[in-house]
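Working through the structure, step by step
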Amino acid sequence: MATGADQAVGFGLVGFSLLLFTYYTLWVIVLPFVDSDHVIHSYFLPREYSVILPGVAALILLLFVGTFIGVVTWKNRKPKKID
Amino acid sequence: MTKLLEWLLGCSLIGMAWGLVTFDLLDLQLPAQYRELAWPMPVYLLVAFGCYSLATVGYRVATFNDCEDAAKELQAQIKEAKAELKKKGLKM
């Protein structure tokens, strides 16, 4: 088994993704079948956000990746040799 | 049939089924809850797959065995390589 920080980060990731999966599954799959006056609805945003939020997150991720590639490419540009 | 064609066929069949339900193209008049359930499905499957990937990566990071000897050896090799490259003029 890995030790210390590796274990903490690893199991942290597992826990986080389990939480996210449970919340999102409740939101998308369970909530439509629950009476609209049940108290559980107050813990979830309107349904449209279940599609908008992941879309925005994907866009932000693409932005980060693109910016990173751009910065690294810019830093590694070499001046043309003068022959 | 190639694997690519198989996957494309499968995906387009599922996509058509989803489109039929979401946009009610066949006038099936399904109960409201099932239509509510159907339209976020593509995004839901993506998020679920992302969660699974994250969990798998995290679990394998946590359970990968530490290799003390290999780590020491690697550190020594890195030092060696750095010294040699510096000698040859590479700036780090």
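Residues numbered from 1 in each chain as written. Chains lettered and ligands numbered in written order. Predicted model: local features only at pLDDT ≥ 70, side-chain atom pairs only at ≥ 80, totals over all residues. Heavy atoms only, no water.

If you check an unreviewed UniProt entry, chain B appears there as Dolichol-phosphate mannosyltransferase subunit 3 from Phoxinus phoxinus. Database annotation for chain B, UniProt heading Pathway (unreviewed entry): "Protein modification; protein glycosylation." (UniProt positions renumbered as here; feature names shortened; annotations may be inferred.)

As recorded in an unreviewed UniProt entry, chain A goes by the name Dolichol phosphate-mannose biosynthesis regulatory protein, listed as coming from Phoxinus phoxinus. UniProt, in the comment section headed Pathway (unreviewed entry), describes chain A in these words: "Protein modification; protein glycosylation."

A few words now on the overall build of chain A. Secondary structure summary: chain A contains 2 helices and 0 strands in total. At 22 Å, chain A has a C-alpha radius of gyration far larger than the 12 Å of a compact globule built from 83 residues. Seen through its principal axes, chain A has C-alpha atoms that stretch 80 × 40 × 15 Å. When burial is assessed residue by residue, chain A has 16% of its 83 residues classed as buried. In chain A, 6 positive and 5 negative side-chain charges are present, and the distance between their average locations comes to 29 Å. (Helix = DSSP H or I, 4+ residues; strand = E, 2+ residues; numbered from the N terminus. Rg over C-alpha atoms; globule rule 2.2 N^0.38 Å. Buried < 20%, exposed > 50% of the residue type's maximum accessible area, 1.4 Å probe, protein only. Lys, Arg positive; Asp, Glu negative; His and termini not counted. Charge placed at Lys NZ, Arg CZ, Asp CG, Glu CD.)

Relative placement of two packed helices is described by the angle separating their axes and the distance separating the axes. Taken N-terminus to C-terminus, the directions of helix H1 (residues 4–30) of chain A and helix H3 (residues 41–63) of chain B make an angle of 160 degrees; their axes are 7 Å apart at the nearest point. Here H3 of chain B runs roughly antiparallel to H1 of chain A, going by the angle between their axes. You can see that H1 of chain A and H3 of chain B cross each other, and the crossing is left-handed. Here the residues of the contact of H1 of chain A with H3 of chain B are counted per class, giving 20 nonpolar, 5 polar and 1 charged. (Axes fitted to C-alpha atoms, helices over the stretch in contact; angles between N-to-C directions. Parallel < 35°, antiparallel > 145°, perpendicular 65-115°, else oblique. Left-handed = near helix turned anticlockwise from the far one by under 90°. Nonpolar A, V, L, I, M, F, W, Y, C, P; charged D, E, K, R; others polar.)

So, about the UniProt feature "transmembrane region" (unreviewed entry) in chain A. Residue and element names in this part refer to chain A. When the UniProt feature table is mapped to this numbering, "transmembrane region" (unreviewed entry) covers residues 9–31 and 51–74. The span residues 9–31 carries 96% helix and 0% strand; its end-to-end C-alpha distance comes to 32 Å. Across residues 51–74, helical content stands at 100% and strand content at 0%; the span's end C-alpha atoms are separated by 35 Å.

Take Ser-17 of chain A: it is sitting in helix H1. A polar atom in the side chain of Ser-17 of chain A sits 3.0 Å from the backbone oxygen of Val-14 of chain A. Every residue in contact with Ser-17 of chain A, bar those within four places of it in the chain, is listed here: Cys-51, Leu-54 and Ala-55 of chain B. (Polar contact = N/O pair within 3.5 Å; in protein donor to acceptor, adjacent residues only side chain to side chain. Contact = heavy atoms within 4.5 Å.)

The next subject is a negative patch on the surface. Residues Asp-6 of chain A together with Asp-66, Glu-68, Asp-69 and Glu-73 of chain B make up a contiguous surface patch of negative charge. Take the negative patch: its biggest share by element is 3 residues, from helix H4 (residues 68–87) of chain B. Asp-69 of chain B gets classed as exposed once you look at its relative accessible area, which sits at 63%. (Patch = residues over 30% accessible without salt bridge, like charges linked within 9 Å, V, L, I, M, F, W, Y side chains within 5 Å. Areas by Shrake-Rupley, 256 points an atom, 1.4 Å probe, with all protein chains shown as cover. Salt bridge = Lys/Arg side-chain N within 4 Å of Asp/Glu carboxyl O.)

To continue, consider unusual backbone geometry. All names here are of chain B. Non-glycine residue Asp-24 carries a positive phi angle of around 50 degrees. On the basis of relative accessible area, Asp-24 is assigned to the buried category, the value being 18%. Residue Gln-29 is not a glycine yet carries a positive backbone phi of 55 degrees. Along the chain, Gln-29 turns up in the loop between helix H1 (3–23) and helix H2 (32–38).

Right, let's talk about the interface of chain A and chain B for a bit. Between chain A and chain B, the contact holds 24 residues from the first and 22 residues from the second. Buried area between chain A and chain B, summed over both chains or domains, comes out near 2100 Å², and the portion from carbon and sulfur atoms is 75%. Where chain A packs against chain B, one counts 1 salt bridge. Measuring nitrogen to oxygen at the nearest pair gives 3.1 Å for the salt bridge that ties Arg-47 of chain A to Glu-36 of chain B. When contributions to the side of chain A that touches chain B are tallied by element, the ones reaching two or more residues are H1 and helix H2 (49–75) of chain A. Considering each element in turn, the side of chain A that touches chain B owes the most residues, 14 residues, to H1 of chain A. (Buried area = accessible area lost by both parts, 1.4 Å probe.)

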